[in-house]
Amino acid sequence: MSVFLDIVEQHSITDVAFEVAIIAAYGANDDAAFDRAFAARELNDQAYFLFLFTRLEGEIDAAFERLVANKSVGPWADVRAWQVWRDRDRVDLMAKVELLLEKGRRECEELRSFHKARNLIAHGDQWKTKFAIPAVAQRMHDLVSAFVTV
Amino acid sequence: MTDAPDDESIHSHKFVVQRFDGPEEFHLDPRARVDEWLVRLDQLRQMVEEWVQADASEGFSVHPARPVKMLEELMIKFHVPEAEMPAFTVRSGSRELAFFRPNALWVVGANGRVDIITPTSAPMLVDTSQPFTRPVRWVLYGGRATAQGAMFTRSRLVDLLHEQ
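Here's what I pulled together on the structure shown here.

Criteria and cut-off values
Note on numbering: residues in each chain are counted from 1, in written sequence order. Chains and ligands are labelled sequentially in the order written, the chains with letters from A and the ligands with numbers from 1. Reporting in this predicted model follows two pLDDT cut-offs: at least 70 for local features of residues, and 80 or more for side-chain atom pairs to be given and counted; totals over whole chains, interfaces and linings ignore these cut-offs and use all residues. The basis for every side-chain value is the complete set of heavy atoms in the structure, and neither hydrogens nor water enter the calculation. Runs of H or I in DSSP of at least four residues are treated as helices and runs of E of at least two as strands, each being numbered from the N terminus. Relative accessibility thresholds used throughout: buried, under 20% of the residue-type maximum; exposed, over 50%; partly exposed, between the two (1.4 Å probe, protein chains only). By the convention used here, residues are in contact when the closest approach between their heavy atoms is within 4.5 Å. All accessibility values rest on the Shrake-Rupley procedure with a 1.4 Å probe; residue burial counts only the protein chains present in the view. Given the number of residues in a helix, its expected span is that number minus one, multiplied by 1.5 Å. The term polar contact refers here to a pair of N or O atoms within 3.5 Å; inside protein, the definition further demands a hydrogen-donor-capable atom paired with an acceptor-capable atom, and it admits residues adjacent in sequence only when both atoms are side-chain atoms. Directions pointing from the helix axis toward each C-beta atom define the arc. Accessible area that two parts lose when put together, with a 1.4 Å probe and added across both, is what the buried area reports. Here a salt bridge means any side-chain nitrogen of Lys or Arg lying within 4 Å of a carboxyl oxygen belonging to Asp or Glu. Nine residue types can take part in a nonpolar core, namely buried Ala, Val, Leu, Ile, Met, Phe, Trp, Tyr and Cys, and a core is a set of them joined through side-chain atoms within 4.5 Å.

## Considering the overall build of chain B
When helices and strands are tallied, chain B shows three helices and eight strands. Evaluated residue by residue, chain B yields a buried proportion of 52% over its 164 residues. Here the analysis covers contacts within chain B between residues at least 6 apart in sequence; of these, 53% occur between residues at least 24 apart. Of the accessible surface of chain B, which amounts to about 7600 Å², a share of 49% is contributed by carbon and sulfur atoms.

## Here we look at unusual backbone geometry
Residue and element names in this part refer to chain B. Cis geometry marks the peptide bond from R134 to P135; its omega dihedral reads 5°. Following the sequence through the fold, P135 ends up in the loop between β6 (124-127) and β7 (138-141). The phi angle at H79 is positive, at roughly 55°, despite the residue not being glycine. The class of H79 is exposed, set by a relative accessible area of 67%. Positive phi is not limited to glycine here, since F132 has a value of about 65°. Considering the arrangement of structural elements, one finds F132 in the loop between β6 and β7. Judged by its relative accessible area of 18%, F132 is buried.

## Quick look at helix α2 (residues 31-71) of chain A
Over its 41 residues, α2 of chain A runs 58 Å from end to end, which matches the ideal 60 Å to within 8%, given 1.5 Å per residue. The backbone nitrogen of A32 of chain A has a side-chain oxygen 3.3 Å away, supplied by the residue at the start of α2 of chain A, namely D30 of chain A.

## Focus: the side chain of N103 of chain B
When you line up the elements, N103 of chain B lands in strand β3 (residues 95-104). A distance of 2.6 Å separates the side chain of N103 of chain B from the side chain of D115 of chain B, its partner in a polar contact. Once you skip the residues sitting within four places of it in the chain, N103 of chain B turns out to touch F38, E42 and K130 of chain A together with M85, R113, V114 and D115 of chain B.

## Focus on helix α4 (residues 93-100) of chain A
Residue and element names in this part refer to chain A. Among the residues of α4, L93, M94, K96, V97 and L100 are the ones counted as buried. Here the buried residues of α4 occupy an arc of 150° about the axis, which is enough to place them on one side. Considering only its buried residues, α4 is in contact with α2 and α5 (106-122). Two to three positions downstream of the cap, the backbone nitrogen of M94 sits 3.1 Å from a side-chain oxygen, assigning the N-cap of α4 to D92.

## Focus on the environment of L157 of chain B
All names here are of chain B. With respect to the helices and strands, L157 occurs in helix α3 (residues 154-162). In this structure, the C-alpha to C-alpha distance between L157 and W138, residues 19 residues apart in sequence, is 12 Å. Apart from the residues lying within four places of it in its own chain, the contact partners of L157 are V48, W51, V52, F100 and F152.

## Looking at the interface of chain A and chain B
Taken together, the contacts link 34 residues of chain A with 33 residues of chain B. Across the chain A to chain B interface the summed buried area is about 2500 Å²; carbon plus sulfur atoms make up 58%. Taken as a group, I23, Y26 and K130 of chain A account for 21% of the area that chain A buries against chain B, more than any other trio of residues on that side. Two residues, R66 of chain B and D31 of chain A, come together in a salt bridge whose shortest N-O distance is 3.6 Å. Counting the contacts that link chain A with chain B gives seven residue pairs in polar contact (both at pLDDT 80 or more).

## Comments concerning the nonpolar core
Grouped together as the largest cluster of nonpolar side chains are 45 residues, with contacts concentrated most on V48, V90, F100 and F152 of chain B. The dominant element in this core, judged by the number of residues it contributes, is helix α1 (residues 30-53) of chain B, at nine residues. Every residue in contact with V48 of chain B, bar those within four places of it in the chain, is listed here: V62, F88, V90, F100, F152 and L157 of chain B. Formed by 34 residues, the second largest nonpolar core is a distinct cluster that contains Y48, F49, A63 and V91 of chain A.

Listed below in structure tokens is the structure:
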């Protein structure tokens, strides 16, 4: 298991509450209650997406530190470009991603879209795009496994 | 009968794919993506219909339901007209066992999502394939499926229907 799949287990437990409300509204043929239950489920998905993203950021930071440490061993002439990154407090998240995954590849673009989604929610946009939280968690798990740190 | 539409089905449609600079979801023409999504939804219904008709002794049947309005953020931004997503139910006699309700095309983590509402659960189907690629990969999440998801197959559908 990974932290992402642990979180999605937790999400599935909370999702049951919305599932129950959706089933009840559908059974009662109550369109308004049905829409409310789906809207509530989507808010829960947004919250879990942010939770997942915090773990993703942590994994990116840790992998980036490993990469810089691995690349900073050797004669100064060989490692000086990498040493610039050491102990820097503020490195853009996507710059780290582009050093861990080949820029332009699908995996890198997927992480960029997750980052964009996180920013839209975190900055309070009226954002209506939906989530498939279990699929997001699985992709985050797979993407982190694909980081190249050597 | 197949578990998913074959590779050729994608080639029978003349999609106009345009390239945009910017985030990934802008790379493909939203109008073409909507058209292709509606094709996939039709193919999903056909696939479920084939599956339930494969064994008449089960007594399952597929029926059209009220379509779901589709007007997503990118459609508004790129002036793509509102569309209707086809919905359907699976019944056993007159008893409704599952309502397949398309949710959205632009979904973070998926290439489209369809919610399923049954009398006891509300799982979702998500297409985990990349846009404009085949085969479509419908994965079932939630309900009694595992949190990690399971490929949507005939046996998975029949299990879901028998749980009702």
